[in-house]
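# Structural overview
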Protein chains: 2
Amino acid sequence: MDFVDRVTDEGSADFVPIPERIATFDNDGNLWAEQPVYFQLFFAVDRVKAMAADHSEWATEEPFASVLAGDLQGVLANGEKALVELIMATHTGLSSEEFAHTVKIWTENARHPETGRLYTEMVYQPMLELLDYLRANDFKTFIVSGGGIEFMRPWTEAVYGIPPEQVVGSSVKTEYALVDGEPAILRLPEINFIDDKAGKPVGINQHIGRRPIFASGNSDGDFQMLEYTTAGRGARFGLLLHHTDAEREWAYDRDSHIGRLDRGLDEADERGWVVIDMAEDWNTIWPELDD
Amino acid sequence: MDFVDRVTDEGSADFVPIPERIATFDNDGNLWAEQPVYFQLFFAVDRVKAMAADHSEWATEEPFASVLAGDLQGVLANGEKALVELIMATHTGLSSEEFAHTVKIWTENARHPETGRLYTEMVYQPMLELLDYLRANDFKTFIVSGGGIEFMRPWTEAVYGIPPEQVVGSSVKTEYALVDGEPAILRLPEINFIDDKAGKPVGINQHIGRRPIFASGNSDGDFQMLEYTTAGRGARFGLLLHHTDAEREWAYDRDSHIGRLDRGLDEADERGWVVIDMAEDWNTIWPELDD
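Residues numbered from 1 in each chain as written. Chains lettered and ligands numbered in written order. Predicted model: local features only at pLDDT ≥ 70, side-chain atom pairs only at ≥ 80, totals over all residues.

## So, the overall build of chain A
- For chain A, the count of helices and strands is 12 helices and 8 strands.
- Relative to the compact-globule value of 19 Å for 291 residues, chain A shows a C-alpha radius of gyration of 20 Å, a close match.
- The dimensions of chain A, computed from C-alpha atoms along their principal axes, are 65 × 50 × 40 Å.
- Looking at chain A as a whole, 43% of its 291 residues are labelled buried. (Helix = DSSP H or I, 4+ residues; strand = E, 2+ residues; numbered from the N terminus. Rg over C-alpha atoms; globule rule 2.2 N^0.38 Å. Buried ≥ 20, exposed ≤ 12 C-beta atoms within 10 Å, placed from the backbone.)

## Things to note about the packing of helix α9 (residues 199-207) of chain B against helix α10 (residues 223-230) of chain B
Residue and element names in this part refer to chain B.
- It is at 7 Å that the axes of α9 and α10 come closest, and there the two elements cross at 55°. Here α9 is positioned oblique relative to α10, judged by the angle of their axes. For the pair α9 and α10, the contacting residues are Lys200, Pro201 and Ile204 in the first and Gln224, Met225 and Tyr228 in the second. (Axes fitted to C-alpha atoms, helices over the stretch in contact; angles between N-to-C directions. Parallel < 35°, antiparallel > 145°, perpendicular 65-115°, else oblique. Contact = placed C-beta atoms within 7 Å.)

## Some details on the interface of chain A and chain B
- With 28 residues of chain A at the contact, the number on the chain B side is 28 residues.
- The set of elements that each furnish at least two residues to the side of chain A that touches chain B consists of α8 (149-160), β3 (167-179), β4 (182-193), α9 (199-207) and α10 (223-230) of chain A.
- In terms of residue class, the side of chain A that touches chain B is built from 13 nonpolar, 8 polar and 7 charged. (Nonpolar A, V, L, I, M, F, W, Y, C, P; charged D, E, K, R; others polar.)

## What to know about the relation of the copies chain A and chain B
- Relative to chain B, chain A is turned by 180° and slid 0.0 Å along the rotation axis, the superposed coordinates differing by an RMSD of 0.0 Å. The symmetry that links the two subunits is that of a two-fold axis. For chain A, the minimum C-alpha distance to the rotation axis belongs to His207(A) and amounts to 3.2 Å.
- Of the interface residues in chain A, 100% have counterparts in chain B that sit at the interface too, so the contact is made through matching surfaces. (Least-squares fit on C-alpha atoms with pLDDT ≥ 70 in both.)

## Details of helix α2 (residues 39-51) of chain B
Residues and elements named next belong to chain B.
- Taking 1.5 Å of rise per residue, 13 residues should cover 18 Å, and α2 covers 18 Å from first to last C-alpha, within 8% of that figure.
- Every buried residue of α2 is listed here: Phe39, Gln40, Leu41, Phe43, Ala44, Val45 and Val48.
- Contacts from the buried residues of α2 go to α3 (64-68), α4 (72-77), α5 (79-91), α6 (96-109), β2 (140-148) and α8 (149-160). (Expected span 1.5 Å × (residues − 1).)

## Side note on the pairing of strand β1 (residues 22-25) of chain A
All names here are of chain A.
- Neither face of β1 is left uncovered, since the one carrying Ile22 and Thr24 and the one carrying Ala23 and Phe25 both have all their residues buried.
- Pairing of β1 with strand β2 (residues 140-148) involves 4 bridges; the strand directions are parallel. Bridging across to β2, phenylalanine 25 finds its partner in isoleucine 143.
- Where β1 and strand β5 (residues 214-217) come together, 3 bridges link them in parallel fashion. Residue pairing across strands places threonine 24 opposite alanine 215, the latter belonging to β5. (Pairing = 2+ DSSP bridges.)

## Quick look at the environment of Val103(A)
Residues and elements named next belong to chain A.
- Looking at the secondary structure, you find valine 103 in helix α6 (residues 96-109).
- Sequence spacing of valine 103 and aspartate 269 is 166 residues, and the spatial spacing of their C-alpha atoms is 39 Å.
- In this structure valine 103 touches Phe151 and Pro154, once residues within four positions along its chain are discounted.

## Describing the confidence of the model for chain A
- Mean pLDDT for chain A: 96, with 100% of residues reaching 70 or above.
- Two numbers describe this predicted complex: its pTM, 0.97, and its ipTM, 0.96. (pLDDT = per-residue confidence, 0-100.)

## Structural notes on the environment of Arg111(B)
- Here Arg111(B) shows up in the loop between α6 and α7 (125-136).
- When neighbours within four sequence positions are excluded, Arg111(B) is seen to be in contact with Gly116(B), Arg117(B) and Leu118(B).

## Considerations on unusual backbone geometry
- With an omega of 0°, the peptide bond between Gln35(B) and Pro36(B) qualifies as cis.
- Structurally, Pro36(B) is set in the loop between β1 (22-25) and α2.
- In this model, Glu62(B) is joined to Pro63(B) through a cis peptide bond whose omega is 5°.
- In this fold, Pro63(B) is placed in the loop between α2 and α3.
- One non-glycine residue, Asp138(A), lies in the positive phi region at around 65°.
- Structurally, the position occupied by Asp138(A) is in the loop between α7 (125-136) and β2.
- Accessibility expressed as a C-beta count within 10 Å gives 14 for Asp138(A), which makes it partly exposed.

## With respect to the pairing of β2(B)
Residue and element names in this part refer to chain B.
- Across the 9 residues that make up β2, a large majority, 8, are buried.
- Sheet topology note: the β2/strand β3 (residues 167-179) ladder contains 3 bridges and is parallel. Each bridged residue has a counterpart across the sheet, and for glycine 148 the counterpart in β3 is serine 170.

## Observations regarding α9(B)
All names here are of chain B.
- For α9, the buried fraction is high: 9 of the 9 residues fall into the buried class.
- Of all the positions in α9, only Gly199, Lys200, Pro201, Val202, Gly203, Ile204, Asn205, Gln206 and His207 are classed as buried.
- Looking one or two residues past α9, glycine 209 carries a phi angle of roughly 80°, positive in sign.

## Re the environment of Ile276(B)
All names here are of chain B.
- By secondary structure assignment, the location of isoleucine 276 is in strand β8 (residues 274-277).
- Separated by 37 residues in the primary sequence, isoleucine 276 and leucine 239 place their C-alpha atoms 7.5 Å from one another.
- Excluding residues that lie within four positions of it along the chain, isoleucine 276 makes contacts with Leu239, Leu240, Leu241, His242 and Asp281.

## A few points about the packing of α6(B) against α8(B)
All names here are of chain B.
- Close contact between α6 and α8 brings their axes to 9 Å; oriented N to C, the two are set at 60°. The orientation of α6 relative to α8 falls into the category oblique. Here α6 runs over α8; the crossing is right-handed. Residues Ser96, Phe99, Ala100, Val103, Lys104 and Thr107 of α6 lie in contact with α8, whose contacting residues are Glu150, Phe151, Arg153, Pro154 and Trp155.
- Class assignment for the residues of the contact of α6 with α8 results in 6 nonpolar, 2 polar and 3 charged. (Left-handed = near helix turned anticlockwise from the far one by under 90°.)

Here it is, written out as structure tokens:
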């Protein structure tokens, strides 16, 4: 709040004009949870199951066989190549509109295996309040995530109040074509951009075109975004969410394969980044559900 | 105005909620002029002249020799390859921040060879009013241009009221790096994306993530953007600016190398696109200048 006061008070030396009040937020493990695996992987798994009837070859072909056998750890053991194959098979070969529809249906129905909540109910209540607070102070809030840009856009506006044009993420290549005479954006099985680590400042520059004054993340995948943001002139804010709450959420950091936070913890102090200790600092983790 | 009434009146069957009121505008030849050559080419030429002292080899090397001899037609005669070489030599090998600074200085000083105006004073007064009118009706206005995204962003906010994050354009690849310990986005001599023709709907999908309900252009490079926009459900508006005013501006269409408008003129009627006849329909072309 001290930071927000300084950048919004016209009399302050640190005053920042409204159009330059750009705040960027990582998504996985920062706005919503990311355990036991990234939620987008659960989506891919559900897609494999739904598509399996048309792909009898998947019964014996990895990584699909492991997915169909319910062996997620087996998929992860096959490394990045397996994940990319899984994403390509389940996220491409259809139009952006069809893909968005598939994602929407999934977010309205699929439930987290441990909490039984909809995935979009596994967002962090304090972060929702932070987004609201910044917007109430005329910040423009963006998501900058390693997750798929078109995987997030169908629900970020309803869940976070962040419209599609303020979502930056990883993407596949697309092409414009007429399908039965109707214009469509077709999703191709080729990586276009990976919005992670040093890719985050690149994605920010490409989509936003100016340097944020506030950045929030939870893993070393956000390190460069926070570095880029807080190295700018004037008042800057870097925020790291440390997952320390094994009871209400999950506890993980330096040794985690997902959301690994190591260098960030080492350097947060000297860089002046604020670290949230989830167990200590948050009264509430999840939003209350209606009835 | 009839279209705007329909999409903004809550009682109308064509009502469009505010977040979905997306309007996209081409830039060259649509918001500002593009003759006798794209203004970005004038910028590249001025950069070649400024950089020539450090590049003695350019005296004999094309396309630089033609540029230095003041022979722009010679450059254009060498086709797209020469243009790409010129862009790479003058637009890359520096940081985004340095590039933006260079563009800013240029827009504040360089003048059009025929009118003597600053290039940013060669914007169309009626289009400025249209942008204002749409925004007054809660439209979000975007530029979607074949021009360089980082060539436009340094001045679009001041000139059009369109902030950097609402500018979509062509781009070079970039990378994030520490230069003397300071984070920077470095511009690399490699094309990343060409935001023209079928690339425009792709760029719209990548940056905006939803289909516009209003699109405005002036050449066949905008055809797919208008096609994509106006094929959507509900009320849609496609607008083509036809350059018919050789006296106050320029007259060109089907045979022009720059801003060629041929298929658009043929199909505008059947597609329900509105064509502006600049000579007939516009009382004013250029904004009045303060002494």
